[in-house]
Amino acid sequence: MPHYNYLIVGGGMTADAAVHGIREVDAGATIGIVSLEADTPYDRPPLTKALWKGTPLDSIWRHTEKEHVQFRLGRNVESIQVQQKQLLDNHGDIYSFDKLLLATGGRPRRLPFGDDQIVYYRTLADYRRLRALTEQNKRFAVIGNGFIASEIAAALTMNGKEVVMIFPAETICHRIFPKDLSQFVTNYYREKGIQILPGQSATALEERKGEHVVRTSSGREVLADGIVAGIGIQPNVELAQAAGLKVENGIVVNEFLQSSNPDIYAAGDVAAFYSPALGHYMRVEHEDNANTMGRVAGRNMAGKSEPYRHLPSFYSDLFDLGYEAVGELDARLETFADWKNSFREGIVYYLRDGRVRGVLLWNVWGQVDAARSLINEPGPFQARDLKGRLGKTG
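What counts, and where the lines are drawn
- Residues numbered from 1 in each chain as written.
- Predicted model: local features only at pLDDT ≥ 70, side-chain atom pairs only at ≥ 80, totals over all residues.
- Heavy atoms only, no water.
- Helix = DSSP H or I, 4+ residues; strand = E, 2+ residues; numbered from the N terminus.
- Polar contact = N/O pair within 3.5 Å; in protein donor to acceptor, adjacent residues only side chain to side chain.
- Contact = heavy atoms within 4.5 Å.
- Expected span 1.5 Å × (residues − 1).
- Buried < 20%, exposed > 50% of the residue type's maximum accessible area, 1.4 Å probe, protein only.
- Salt bridge = Lys/Arg side-chain N within 4 Å of Asp/Glu carboxyl O.
- Core = buried A, V, L, I, M, F, W, Y, C linked by side-chain atoms within 4.5 Å.
- Pairing = 2+ DSSP bridges.

K.L.:
What should I look at first to understand the side chain of Asp330 in this one?
P.N.:
Here Asp330 lies in the loop between β22 (321-327) and β23 (334-341). Of the polar contacts made by the side chain of Asp330, one reaches the side chain of Arg332; its length is 2.8 Å. When neighbours within four sequence positions are excluded, Asp330 is seen to be in contact with Arg175 and Tyr350.

Here it is in structure tokens:
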């Protein structure tokens, strides 16, 4: 039975960051990674961004193996024996550990039809599959209107493909953008040649004369050579639940990223952590959180006691529009937009009870740290107080 001082379940960006965190504190310990993916850790954002703009595939690797890590790839952990400090995988192998990190991430939400004919876009294997489809095909249907769907629709279009977006909302990214900005983005996508079918859901998929036919709730039929879905993820909490750990919209962790068992940590997409800046628990599915939280988890596993108080940021590229954001972006909040150039360059502030809860930096760069500081300020703020507060708008 292999024994590891530090054992990590999951092989994504969080796992890689944790390995580096461990090595900063403990250079000689044994580290194992058990991952369902067949690939070693890689950067995930390029799967919807840079790789579609000519960046070589070799650029995404994190080279975690340089840190003397033992990988068990293509394996699913089936159970944790908490008292014995052991894991069992689907090959029947057992591993023991001193400290365990659950970096199990999430899995794409799936539609109740279509089986494996739909690419649920998340991993490098999904990129390879979709890239292969684009080599021989022209027409693609993208189901969804959030981060992944909007980015992959733009990427496919920039690669000369005909794209149809299908989603039940009225506009793209309606949950995070104010209504007028969301409408602008939707119209912008139309100008770029994407056919937008809002207000309807994909309800069925059939094969007809070698073509995919997507049926929608309005009775429409969409012909496509390939179908991609980006409709969110579900955190992989089942392993933690079965082990008796506290789970509430993710694996609940304390400020040191320990679960309800002090020898088992959680980080990344799957972890629900308390944000002092926002005053509530949250779960974040973005690169900055994976990298920062993973590193802190690794350092704490190796003996440090460093609280995780970071407020994660995220970013996106939508054709030649781009943004960075930090905090709570919820279109239901009060918003104030400080535009230098309407819908092209400016800052959107999200407020609740007189406090700034989130900041969207729309084609504005280098202001994330200032936005974090603003979110930490007690206020109270009114909209007029925020004009010109960040950046050079106004």
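K.L.:
I tried to follow helix α4 (residues 179-191) on my own but got confused; where do I start?
P.N.:
For an α-helix, the turn length of 3.6 residues means that residues three or four places apart are oriented alike. Between the first and last C-alpha of α4 there are 18 Å, a value that for 13 residues agrees with the 18 Å anticipated at 1.5 Å per step. All of the buried residues along α4 are Leu181, Ser182, Phe184, Val185, Thr186, Tyr188 and Tyr189. One or two positions beyond α4, positive phi appears at Gly193, with a value near 100°.

K.L.:
I would appreciate a short explanation of the pattern of salt bridges in the present structure.
P.N.:
Two side chains that carry opposite charge are able to pair once their charged atoms sit near each other. With the rule as written, the count across this model stands at 32 salt bridges. With a closest N to O distance of 3.1 Å, Glu206 and Arg215 form a salt bridge. A relative accessible area of 27% means that Glu206 is categorised as partly exposed. Exposure remark for Arg215: the relative accessible area of 32% places this residue in the partly exposed category.

K.L.:
What exactly am I supposed to notice about the nonpolar core here?
P.N.:
Soluble globular proteins tend to pack their nonpolar side chains together in the buried interior. Within the largest apolar cluster, 66 residues are counted, with the highest numbers of intra-cluster contacts made by Leu102, Tyr349 and Val359. For Leu102, the residues in contact, after removing those within four places along its chain, are Val9, Ile80, Leu239, Ala240, Leu245, Ile251, Ile264, Tyr265, Ala266, Ala267 and Val270. With 47 residues, the next largest nonpolar core counts Ile172, Phe177, Val185 and Ile196 among its residues.

K.L.:
Can you walk me through the pairing of strand β5 (residues 86-89) in this structure?
P.N.:
Consecutive side chains along a regular strand alternate between the two faces of the sheet. Summarising the sheet, strand β4 (residues 77-81) and β5 pair through 4 bridges and their orientation is antiparallel. Within the sheet, the bridge partner assigned to Ile80 lies in β5 and is Leu87. Looking at chain direction, β5 and strand β6 (residues 94-102) are connected through 3 bridges and run antiparallel. For Leu87, the partnering residue across the bridge sits in β6 and is Tyr95. The turn linking β5 back onto β6 is made up of 4 residues, and Gly92 within it adopts a positive phi angle of 85°.

In short, the description is geometric, and any link to function would need to be established separately.
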